[in-house]
Amino acid sequence: MNTQDKLIKKWATDIGSNAKRIFADNIELVHATRIATNILKHDAKLLEQNQVHTLQTFLQAAQGKDRNKITQGQCFKIMNIGTQINRKLFKKVKAHK
């Protein structure tokens, strides 16, 4: 395995996917998986209970055999949660200035 393959594998793992899926999956699915993984890792304290459940359910489906059944609408729902969290983070940063 060369250096480039190792970097791709590490990057894919960091965003909650694997190297084989990253190039085969729909771009919205990859993007939503990255958002869900990052929010749960770094900003889980800003989530409401139903949002946590939605993100965890999405990630379970994205890691399993049901990955192909995930719709674009479900991906957009995850992206909307990400936007809500980004707004909360921006407000926190703005309040500290």
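Residues numbered from 1 in each chain as written. Predicted model: local features only at pLDDT ≥ 70, side-chain atom pairs only at ≥ 80, totals over all residues. Heavy atoms only, no water.

**Here we look at the packing of helix H3 (residues 27-42) against helix H5 (residues 72-96)**
- The geometry of H3 relative to H5 is characterised by a closest axis approach of 9 Å and an angle of 35° between their N-to-C directions. By crossing handedness, the relation of H3 to H5 is classed as left-handed. Residues Glu28, Leu29, His31, Ala32, Ile35, Ala36 and Ile39 of H3 pack against Gln72, Cys75, Phe76, Ile78, Met79, Ile81, Gly82 and Ile85 of H5.
- Residues of the contact of H3 with H5, tallied by class, amount to 11 nonpolar, three polar and one charged. (Axes fitted to C-alpha atoms, helices over the stretch in contact; angles between N-to-C directions. Helix = DSSP H or I, 4+ residues; strand = E, 2+ residues; numbered from the N terminus. Left-handed = near helix turned anticlockwise from the far one by under 90°. Contact = heavy atoms within 4.5 Å. Nonpolar A, V, L, I, M, F, W, Y, C, P; charged D, E, K, R; others polar.)

**Re the side chain of Glu28**
- Here Glu28 shows up in helix H3.
- Among buried charged residues, Glu28 stands out as having no salt bridge; its nearest opposite-charge side chain is Arg34, 12 Å away.
- Among the polar contacts listed, one links the side chain of Glu28 to the side chain of Gln72, at a separation of 3.2 Å.
- Contacts of Glu28, omitting those with residues within four sequence positions, involve Gln72, Cys75, Phe76 and Met79. (Buried < 20%, exposed > 50% of the residue type's maximum accessible area, 1.4 Å probe, protein only. Lys, Arg positive; Asp, Glu negative; His and termini not counted. Salt bridge = Lys/Arg side-chain N within 4 Å of Asp/Glu carboxyl O. Polar contact = N/O pair within 3.5 Å; in protein donor to acceptor, adjacent residues only side chain to side chain.)

**Describing the confidence of the model for the chain**
- Summarising the model, the chain shows a mean pLDDT of 85, and 88% of its residues fall at 70 or more.
- The spread of mean pLDDT over the elements of the chain runs between helix H2 (residues 19-24), the lowest at 62, and helix H4 (residues 49-63), the highest at 93. (pLDDT = per-residue confidence, 0-100.)

**Some thoughts on the nonpolar core**
- Grouped together as the largest cluster of nonpolar side chains are 18 residues, with contacts concentrated most on Ile39, Leu47, Leu55, Phe58, Cys75 and Ile78.
- When contributions to this core are tallied by element, the ones reaching two or more residues are H3, H4 and H5. (Core = buried A, V, L, I, M, F, W, Y, C linked by side-chain atoms within 4.5 Å.)

**Thoughts on the environment of Ala32**
- Within the secondary structure, Ala32 sits in helix H3.
- Given the relative accessible area of 0%, Ala32 is considered buried.
- Considering only alpha carbons, one finds Ala32 and Gly82, 50 residues apart in sequence, at a separation of 8.7 Å.

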